[in-house]
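# Report on the structure
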Protein chains: 2
Amino acid sequence: MRPLLLAAALSALAMPAIAAPPSDPLRTGAEAARDRALTDTTAYDFVESLTTDVGQRLAGTEASARARDWGIARLTALGFKNVHAEAFPVTAWQRGEEAAAVVSPHPQKLAILGLGGSVPTPPEGIEAEAVVFRTYDDLLAAPVGSLAGKIAIVTQPMVRTADGSGYGAANPIRRSGPSEAARRGAVAYLHRSLATGESRLPHTGALNYQADAPKIPAAALSVIDSELLEHMADRGQPIRIRLKLQSTATPSTAWTVTGEIPGSEHPEQVIIVGGHLDSWDPGTGAIDDGTGMAITVAAAHLAGAAHPPKRTIRVALFGAEEMDFSDDAFTAAHKPELANIVAVGESDSGSDRIWALALPAGAAKLGPMKTLATVLAPLSIYVSPEPSRFGGSDIGGLTMAGAPTIAFRQDASRYFDWHHSADDTLDKVDRVQLNQNVAAWAAFLYIAANTDVDLHPPAGTPSPARP
Amino acid sequence: MRPLLLAAALSALAMPAIAAPPSDPLRTGAEAARDRALTDTTAYDFVESLTTDVGQRLAGTEASARARDWGIARLTALGFKNVHAEAFPVTAWQRGEEAAAVVSPHPQKLAILGLGGSVPTPPEGIEAEAVVFRTYDDLLAAPVGSLAGKIAIVTQPMVRTADGSGYGAANPIRRSGPSEAARRGAVAYLHRSLATGESRLPHTGALNYQADAPKIPAAALSVIDSELLEHMADRGQPIRIRLKLQSTATPSTAWTVTGEIPGSEHPEQVIIVGGHLDSWDPGTGAIDDGTGMAITVAAAHLAGAAHPPKRTIRVALFGAEEMDFSDDAFTAAHKPELANIVAVGESDSGSDRIWALALPAGAAKLGPMKTLATVLAPLSIYVSPEPSRFGGSDIGGLTMAGAPTIAFRQDASRYFDWHHSADDTLDKVDRVQLNQNVAAWAAFLYIAANTDVDLHPPAGTPSPARP
């Protein structure tokens, strides 16, 4: 069924390509890059190899070094130049033994995953009474001290949305919940996975401890186990839970791998696109973010390989997105060339279809971007009337420093069924939708790299804030 | 969306009930039982409590005894009489530590579940080269000795079908594969889960070692990990795998719990229906077979509670289906009353909608069964022109001894997405479809228990064989 989703878009492409004015080589060139992308296998082969030949690649671990070597080899084989790895320091957080169970009133195992950055429990674990909060606000409303000695549990569901906004709305539950619970006296924290769908597989993710609260162990429950605890809480009987998390955190190194298609006229002017190389450990990091790299690398290859672009196209495989380490390192390393950055963009929302492109404020009115809009329209993509703001975790520093930022909006309806779980695997990649992404990025790269378009917002535009 | 699936059936029911001839109290009574079932909560409450208050209940374990007590209490609370547990011996097989990983060419973890009955590996595990067979026939075609020292892996997929026949067709891969591999020299056996859908959760199930082959450790790979190994095998490089399974098997006891609604005219004539109380350990046994018990118990309650039936309705919660222990014990205990068994039936295919009823040969022509057909038709259920043969694992002995056997055919399209995995949980139960099952069983029980219908096949009908 899935391959049919874009059949209409595919068949609609023949006509506009033929009907394009022969007098507009920019449009014709972008259309050619786009159309090559729709039947190309570069992106799929990239993810197939990454998930098969590397698999999970948690930042700072030995797998992270294997991923670096794989990335260098892959970009080199695709003809990219100046391929190299930029090292930066990270804390390598790794999970050890993890277990959780209801001890009473009725023994049952609970499917959990420790949150990235969580401190361990004592070796023997923690056993305590649970307090179940149906919403995060209910937890926040609990008085300081009221959870003394308890395990706080938030079972609020994340909302499924096509634009992925449900994830942002639920994010504080995972990011801030552990410290909010600790501040109220809790000895451990569990929350319903920030996920859609019904699966017994939990979804992990990073937490952020706050400086003024004790650090307590924290883990995500599978959606189903969270529902089970709600059923148990309905009985009104005390629930005792045992939790064991044996994590370690050690200083280490990660690498962002970059490669270029050098510009023929303005090699110093650079368009930087990419995805992140690191992944969470339970899956194989296919859609988070194997496909983001695959899409941008394949698009760069298709936009620039046949006909060298005027400006440089650089791809970046960011080395430590999940624990928020690569952004600062990449920003520090590349701020010196800020004036020459034509645009930055990151693909990090899976590989389902793009429905809109957000450009920097004012850019949609520029000639080359109007051409881009005509090239994207047959892919069922519109140029958003809303300007882009944040373009991705790894480029946030450059965005805030003023680099023109683009953002392709993807259908995220299914993404959070698998994101950060053991189910983030190759089979989730819909090849037709994947290539629609590649086509859109290739069209953008072709036009941005073969014109002198200036995507900077007009002077006086307020600079974007991190979401 | 799901609750709408049977909305048409529900709304269609008003008219036939009114249009029933007032002169046919059998039909009117069966229709009333059917219609009560459609909005009743007995079945759902049964599964909700079982999965919340007991959870997994592997036969012969301490959870099995808790399930027995729960079953006795539940049937008693519902007003059943003669509620008791029938003990029988089982081998309690329990999994211990389980782990599998690709060691080379590229390290990756593999999601597995040991097969029920598997012997353990040595404590340090087994490491060996893998041989990947795309079909089970390819394994069978391998010469004796050709797998010496290897881990044999069968990646053949199971076929999704509405009638569940894909499971039967694939069953030898799990049941016989371990011995077939051992006979050819293999030191361990892995196979793609007998499952539909794409999930990282493996699906377990029982194996049957053959007497003439060494017993080797065996486990099911998740569908996705099986696909990963196919991708690796495509490279043509040797694959080394490490496997650790620490299982135990000890003599123990299990219990089949029964309860009755005694017949007012012919208490000795008995209709026996039920599902199985034991479950596999990774999930909470909601659809295998919490719902089978829930459906038949609720149907008996609705068919008999308001108005005592003429014949006895007995419900049986079979104690050890998954490892094939309850059938022989139940058959031995109840063969003495064989002549008084009006009918036997088991519900053990989840809780999605029934589409057909299979009756013993010749029974569809009997007046009461023709009435039943008219009562089932508004539920979108037809009476199959094919006679019933096998009716369920726990009643196979009685069937072969000649007890008239009925079989409601359920839509099994989704069942094997979750069956025998950690995803066999309450959320998979569609309450509208569940109640359609209850309604159908209640109509059958009402008619079978309030008439003198004789469902025995005509003399000379060949007796059914186990599938």
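Keep in mind that this is a model prediction, so the values were computed, not measured. Going along each chain's sequence as written, the residues are numbered from 1 onward. As they are written, the chains are lettered A onward and the ligands numbered 1 onward, keeping that order. Residues qualify for local features only when their pLDDT is at least 70, as the model is predicted, and side-chain atom pairs are given and counted only at 80 or more; totals for whole chains, interfaces and linings, by contrast, use all residues.

### Considerations on the overall build of chain A
For clarity, the threshold we go by: Under the scheme used here, helices are H or I runs from DSSP no shorter than 4 residues and strands are E runs no shorter than 2 residues, and both carry numbers assigned from the N terminus. Counting other C-beta atoms within 10 Å of a residue's own tells you its class, since 20 or more makes it buried, 12 or fewer makes it exposed, and anything in between is partly exposed; those C-beta atoms are placed from the backbone. C-beta atoms are placed from the backbone for every residue, and two residues are taken to be in contact when these atoms lie within 7 Å.
Helix and strand counts for chain A stand at 14 helices and 16 strands. When its C-alpha atoms are laid out on the principal axes, chain A stretches across 75 × 45 × 45 Å. Buried positions account for 55% of the 467 residues belonging to chain A. Looking at chain A alone, contacts between residues at least 24 apart form 84% of all its contacts between residues at least 6 apart.

### Describing the sheet that holds strand β13 (residues 341-346) of chain A
All names here are of chain A. Short version of the rule: Think of it this way: DSSP has to see at least two bridges between two strands before they count as a pair. Note on definitions: angles span 0 to 180 degrees between N-to-C directions of axes, and those axes are lines fitted to C-alpha atoms, for helices only across the stretch in contact.
Sheet architecture is open: 5 strands sit in the order β1-β10-β12-β11-β13, paired in mixed fashion. Two strands close off the open sheet at either side, each with one partner strand: β1 (81-94) and β13. Here the average twist between neighbouring strands, direction ignored, is 20°. Of the pairings in the sheet, the one linking strand β11 (residues 266-276) to strand β12 (residues 311-318) comprises 8 bridges and is parallel in character. In the sheet register, histidine 266 faces β12, and the bridge partner there is arginine 311. Here helix α10 (residues 286-304) sits on the sheet in contact with β10 (248-261), β11, β12 and β13, set at roughly 150° to β11.

### Here's the deal with the interface of chain A and chain B
We count it as follows: Polar here means any residue other than Ala, Val, Leu, Ile, Met, Phe, Trp, Tyr, Cys and Pro, which are nonpolar, and Asp, Glu, Lys and Arg, which are charged; Gly is therefore polar.
The partner chain B presents 21 residues to the 21 residues of chain A that form the contact. With 5 residues, helix α9 (residues 223-234) of chain A is the largest single contributor of residues to the side of chain A that touches chain B. Class assignment for the residues of the side of chain A that touches chain B results in 7 nonpolar, 7 polar and 7 charged.

### Re the sheet that holds strand β15 (residues 382-383) of chain A
Read across the sheet, 3 strands follow the order β15-β14-β16 (chain A) without closing on themselves; strand pairing throughout is mixed. Looking at strand neighbours, the two that pair on one side only are β15 and β16 (407-410) of chain A, the edges of this open sheet.

### Details of the relation of the copies chain A and chain B
For the pair of chain copies, the relating operation is a rotation around an axis with a shift along it. Note the threshold: The copies are overlaid by a least-squares fit using only the C-alpha atoms of residues whose pLDDT is at least 70 in both copies.
By a simple turn and slide, chain A fits onto chain B: the slide is 0.0 Å along the axis, the RMSD is 0.0 Å, and the turn is 180°. Such values leave the two copies arranged in the relation of a two-fold axis. Minimal C-alpha distance to the rotation axis in chain A is attained by A:Leu201, lying at 3.8 Å. Both copies present the same face, since 100% of the interface residues in chain A are matched by interface residues at the equivalent positions in chain B.

### Re the packing of helix α3 (residues 25-39) of chain B against helix α14 (residues 431-449) of chain B
Residue and element names in this part refer to chain B. For clarity, the threshold we go by: In what follows, roughly perpendicular refers to angles from 65 to 115 degrees, roughly parallel to angles under 35, roughly antiparallel to angles over 145, and oblique to any angle outside these ranges. The crossing is said to be left-handed when, going from far helix to near helix, the turn is anticlockwise and less than a right angle, and right-handed when the turn is clockwise.
Packing of α3 against α14 brings their axes to within 8 Å, and their N-to-C directions diverge by 155°. Between α3 and α14, the interaxial angle falls into the category roughly antiparallel. Judged by the twist between their axes, the crossing of α3 over α14 is right-handed. Within the contact between the two elements, α3 uses Leu26, Gly29, Ala30, Ala33, Arg34, Ala37 and Leu38 and α14 uses Asn435, Val438, Ala439, Ala442, Ala443, Tyr446 and Ile447. Partitioning the contact of α3 with α14 into residue classes produces 11 nonpolar, 2 polar and 1 charged.

### Considerations on the environment of B:Tyr209
Residues and elements named next belong to chain B. Structurally, tyrosine 209 is set in the loop between β7 (188-192) and β8 (218-221). For tyrosine 209, a count of 18 C-beta atoms within 10 Å translates into the label partly exposed. Taking C-alpha positions, tyrosine 209 is 27 Å from serine 347, a pair spaced 138 residues apart along the chain.

### Some points on the confidence of the model for chain A
Test applied: Per-residue confidence from the prediction method is given by pLDDT, with values spanning 0 to 100.
Of all residues in chain A, 94% attain a pLDDT of 70 or more, and the chain-wide mean is 94. In the model output, the complex is listed with pTM 0.90 alongside ipTM 0.86.

### Here we look at the domain arrangement of chain A
Quoted interface sizes are often the accessible area lost when the parts come together. All names here are of chain A. Cut-off, in case you're wondering: Here the bounds of each domain stem from an automatic or database domain assignment.
Here chain A is described as being made up of domain 1 (2-93 + 251-449) and domain 2 (96-246). Using only C-alpha atoms to locate each centre, domain 1 and domain 2 end up separated by 34 Å. Each residue belonging to the side of domain 1 that touches domain 2 can be placed in one class, and the counts come to 8 nonpolar, 5 polar and 6 charged.

### Side note on the nonpolar core
Test applied: By definition, a nonpolar core groups buried Ala, Val, Leu, Ile, Met, Phe, Trp, Tyr and Cys residues that are joined through C-beta atoms within 7 Å.
Ranked by size, the top nonpolar core spans 269 residues in total, and within it A:Ala442, A:Ala443, A:Leu445, B:Ala442, B:Ala443 and B:Leu445 carry the most contacts. If we ignore the near neighbours within four places in the chain, the residues touching B:Ala443 are B:Ala30, B:Ala33, B:Arg34, B:Leu372, B:Val375 and B:Leu376.

### Notes on the pairing of strand β5 (residues 126-133) of chain B
Residues and elements named next belong to chain B. The sheet contact formed by β5 and strand β9 (residues 240-245) spans 4 bridges and is antiparallel. Within the sheet, the bridge partner assigned to glutamate 127 lies in β9 and is arginine 242. Pairing between β5 and strand β6 (residues 151-154): 4 bridges, direction parallel. The partner of valine 131 across the bridge, within β6, is alanine 152.

### Structural notes on unusual backbone geometry
Following A:Asp288, the chain continues into A:Asp289 via a peptide bond in cis, with omega recorded as 10°. Residue position: A:Asp289 is located in helix α10. One non-glycine residue, B:Asp324, lies in the positive phi region at around 65°. Tracing the backbone through its elements, the reader meets B:Asp324 in the loop between β12 (311-318) and α11 (326-334). By the C-beta count within 10 Å, which is 17 here, B:Asp324 ends up partly exposed. For B:His420, which is not a glycine, the phi torsion comes out positive at approximately 65°. Summarising the element assignment, B:His420 is placed in the loop between β16 (407-410) and α14.

### So, the pairing of β6(B)
Residues and elements named next belong to chain B. Along β6, one buried face is formed by Ile151 and Ile153 and the opposite face, lined by Ala152 and Val154, is buried too. Two strands pair when backbone bridges link them, and β6 and β7 are joined in this way by 4 bridges, in the parallel orientation. Bridging from a neighbouring strand, valine 154 pairs with histidine 191 of β7.

### Notes on the packing of α10(A) against helix α14 (residues 431-449) of chain A
Residues and elements named next belong to chain A. At a minimum axis distance of 8 Å, the contact between α10 and α14 shows a crossing angle of 45°. Judged on the interaxial angle alone, α14 and α10 are oblique. The two elements α10 and α14 meet at a crossing, and its hand is right-handed. From α10, Thr291, Ile295, Thr296, Ala298, Ala299, Ala300, Leu302, Ala303 and Gly304 reach across to α14, where they touch Leu434, Asn437, Val438, Trp441, Ala442, Leu445, Tyr446 and Ala449. Per-class residue counts for the contact of α10 with α14 are 13 nonpolar, 4 polar and no charged.

### A word on the environment of A:Arg174
Residue and element names in this part refer to chain A. With respect to the element layout, arginine 174 can be found in helix α7 (residues 165-175). Looking at arginine 174, the number of C-beta atoms within 10 Å reads 28, which means it is buried. Considered as a pair, arginine 174 and leucine 115 are 59 residues apart in the sequence and their alpha carbons are 8.0 Å apart. Excluding its chain neighbours within four sequence positions, the residues that come into contact with arginine 174 are Leu115, His191, Leu194, Gly205, Leu207 and Ala220.

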